[in-house]
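# Topology and contacts: notes
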Amino acid sequence: MASVDEQAVGTGAADQAPSITVDMTPPAGFPEDFLWGGAIAANQAEGAWREDGKGPSIADIEILPEEYSRLGTLGFSHTADEVEAAITDTEGYYPRRYGIDFFHTFEQDLALMHEMGFRCFRTSFNWTRIFPNGDDPEPCEAGLVFYDRLIDTMRRYGIEPVMTISHYEMPTRLVTAYDGWADRRVLGHFLRLCRVLFERYHDRVRYWIPFNQINSLGGWGEFASLGLVNDRFPDRVAATYQALHNQFVASAEAVRIGHEVDPTLQIGMMLGDDRRYAATCKPSDQLCAYQQMQMSDYFYCDVLLRGGYPGYAKRFFAERGISFVVTEEDARVLAENPADFLSFSYYATRVADPSCFEVGADNPYLEKSIWGWAIDPTGFRISLNDYWDRYRKPLFIAENGLGALDEVTEDGQVHDQYRIDYLRAHIEAMREAVRDGVEVFGYASWGPIDIVSCSQGEMSKRYGYIYVDRDDRGNGTGRRIKKDSFAWYQHVIATNGADLG
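My aim in this report is to walk through the structure given alongside it, one point at a time. Small disclaimer: the values here were computed from a predicted structure and weren't measured.

## Quick word on helix 13 (residues 328-336)
Buried residues of helix 13: Asp-330, Val-333 and Leu-334, and no others. An end-on view of helix 13 places all buried positions within 95° of arc, on one side of the element. Buried residues along helix 13 sit against helix 8 (184-201), helix 10 (236-261) and helix 11 (283-306).

## Some points on the pairing of strand 11 (residues 395-399)
Most of strand 11 sits out of view: five of its five residues are buried. Examined bridge by bridge, strand 11 and strand 12 (residues 440-446) share three bridges and lie parallel to one another. In the sheet register, Ile-397 faces strand 12, and the bridge partner there is Tyr-443. Since strand 11 and strand 12 lie parallel, the crossover through helix 15 (residues 417-435) that links them has a hand, and here it is right-handed.

## Thoughts on the pairing of strand 1 (residues 35-39)
Extensive coverage of strand 1 is indicated by the burial of five of its five residues. Residues Leu-35, Gly-37 and Ala-39 point to one face of strand 1 and Trp-36 and Gly-38 to the other, with burial holding for every one of them. Relative to strand 12, strand 1 is paired through five bridges, and the arrangement is parallel. Counted as the bridge partner of Gly-38 is Ser-445 from strand 12. As defined by bridge partners, strand 1 adjoins strand 2 (residues 120-124) across three bridges and the pair is classed as parallel. In the strand pairing of strand 2, Ala-39 is matched with Arg-122.

## Focus: the sheet that holds strand 5 (residues 266-267)
Strands pair in a sheet through their backbones, by hydrogen bonds, and they do so in one of two ways: parallel or antiparallel. Spatial strand order, 5-4-3-2-1-12-11-8-6: nine strands in an open sheet with parallel pairing. One side of each edge strand has no neighbouring strand; the edge strands of this open sheet are strand 5 and strand 6 (269-272). Of the strands in this sheet, strand 4 (207-211) and strand 5 are in contact with helix 10, which crosses strand 4 at around 155°. Each of strand 6, strand 8 (342-345), strand 11 and strand 12 touches helix 14 (residues 377-391); the most contacted strand, strand 8, lies at about 160° to it.

## Some thoughts on the pattern of salt bridges
Tallied over the entire structure, the rule returns 36 salt bridges. The salt bridge partner of Glu-399 is Arg-122, with a shortest N-O separation of 3.1 Å. Note that Glu-399 is positioned in strand 11 and Arg-122 in strand 2, a separation of 277 residues in sequence. Each of the two residues, Glu-399 as well as Arg-122, counts as buried. Between Glu-329 and Arg-332 there is a salt bridge, and its shortest N-O distance comes to 2.4 Å. Of the two residues, Glu-329 and Arg-332 are both situated in helix 13; the distance of three residues between them amounts to about one turn of the helix. Salt bridges linked by common partners bring Glu-141, Asp-148, Asp-152, Arg-200, Asp-203 and Arg-204 together as one network.

## Focus on the nonpolar core
Membership of the largest hydrophobic core comes to 147 residues, with the highest contact counts inside it found for Trp-181, Trp-208, Phe-299, Met-430 and Tyr-489. Beyond its immediate sequence surroundings of up to four residues, Trp-208 is in contact with Phe-125, Met-163, Ile-165, Leu-197, Phe-198, Tyr-201, Leu-265, Gln-266, Ile-267, Gly-268 and Phe-341.

## Re the layout of surface pockets
Here the second largest pocket is characterised by a volume of approximately 230 Å³. Tallied by class, the residues present in the lining of the second largest pocket amount to seven nonpolar, one polar and three charged.

## Here's the deal with the environment of Arg-129
Topologically, Arg-129 is positioned in helix 5 (residues 127-130). Considering only alpha carbons, one finds Arg-129 and Ala-182, 53 residues apart in sequence, at a separation of 23 Å. Residues within four places of Arg-129 in sequence aside, it is in contact with Glu-46, Gly-47, Ala-48, Glu-51, Lys-54, Phe-103, Cys-140, Gly-143, Phe-146 and Tyr-147.

The rules behind the values
Residues numbered from 1 in each chain as written. Predicted model: local features only at pLDDT ≥ 70, side-chain atom pairs only at ≥ 80, totals over all residues. Heavy atoms only, no water. Buried < 20%, exposed > 50% of the residue type's maximum accessible area, 1.4 Å probe, protein only. Helix = DSSP H or I, 4+ residues; strand = E, 2+ residues; numbered from the N terminus. Arc of directions from axis to C-beta. Contact = heavy atoms within 4.5 Å. Pairing = 2+ DSSP bridges. Right-handed = clockwise from strand over helix to strand, strands pointing away. Axes fitted to C-alpha atoms, helices over the stretch in contact; angles between N-to-C directions. Salt bridge = Lys/Arg side-chain N within 4 Å of Asp/Glu carboxyl O. Core = buried A, V, L, I, M, F, W, Y, C linked by side-chain atoms within 4.5 Å. 1 Å grid on protein atoms, 1.4 Å probe; cavity = no way out; pocket = protein on both sides within 12 Å on 5 of 7 lines; lining within 4 Å. Points joined across faces, edges and corners; volume = space filled by probe spheres on them. Nonpolar A, V, L, I, M, F, W, Y, C, P; charged D, E, K, R; others polar.

Pasting the structure below:
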């Protein structure tokens, strides 16, 4: 009888064919066509809130109080009457109505990004520039012309547009005359917007994200993302998940329509990464962290990338008596139209707290930003590996950055070494994930130019490589100043992330 080794070697003619050696060398760094760039939101930057026929959006009614806590957030929840009253209010200061005047300055701002070497720029369409009321039968041509100019300028500079269709700027009429995303009719109005955009820009925009951070639930997210007011829903939890389900269907339908218009379009989904660590190695703490990750992160990706509601989510709803309508047609649409890629924002991690899903415990091993966000580049590498292993879909970093209080020195400079240190550590972690075999095709840091903060509504929480001379009340010249991080990021891009300085 032949030995095991002899059996393995064999003696047939086929065994004499030369073997092919598989290359086992890990990637040395980022691919040559990696998309380096930055990201902003239209509602935080454009301003010009009534120009060229633009209608009011929910972003335009977020007032900055005279007294507010830097560590707090704005009151995003409203009644329908409060929404209506805010639209006509001329006394309060509404920072998103002015932004950084990007509507008028985008050409010079994109020129600065081109100088840095940007290969991509993620921004969004302001829904109410195109459909001022949301339910208009025809789009506003002036709004489309503005985005023609914006996108054409990006392309002229060799910058790949990455366009978010909805980034917290739902038309207020869809909130007050309907029930936000809890109303199924809003889905149809959104898909009308999608079709207009795909048909007009498919030859100029390859990468699309239907919804910014689709897992923005709880507190401000239920108004900013879903358009839910406080005085409409006897069962707020059920309404929230119905609204979210309608967004899921809208996202899948957007994939279908986009591929119908142009099969080459890449239509992804976006998650706000909410990485949870277990408090201890105690098995119950480990299970708590995993279950919180399931419903804070994986659930959304499982629906939009795998094409259906996972079992753990069904159990979650059943055990809490949460009921909402999912039709057979909805299930079919979700199953047949998974997203092409996963994009996500990454800022911080937290420790799972068994007593509270929304608020995590402090991590004693991590430093925090002045806004209390844990600084955790290792968590970034974990998330990249985790999402790649789970979904095997290309990844795009849609946001990552450090909000800080920047100061202009007497010589007119902004020395933001703290931002360079933060970004260097996170890009290094991303590079290690690429060497782990993770497929990441782009990195858009938040935000390359100072804009109005999303959660605080202030200018003093700054992220950019470019300083904008405006204060929290909109005072200032609007002058753009290159920070130290400008030259640093310029060098990172020039070396394709090989030299992080």
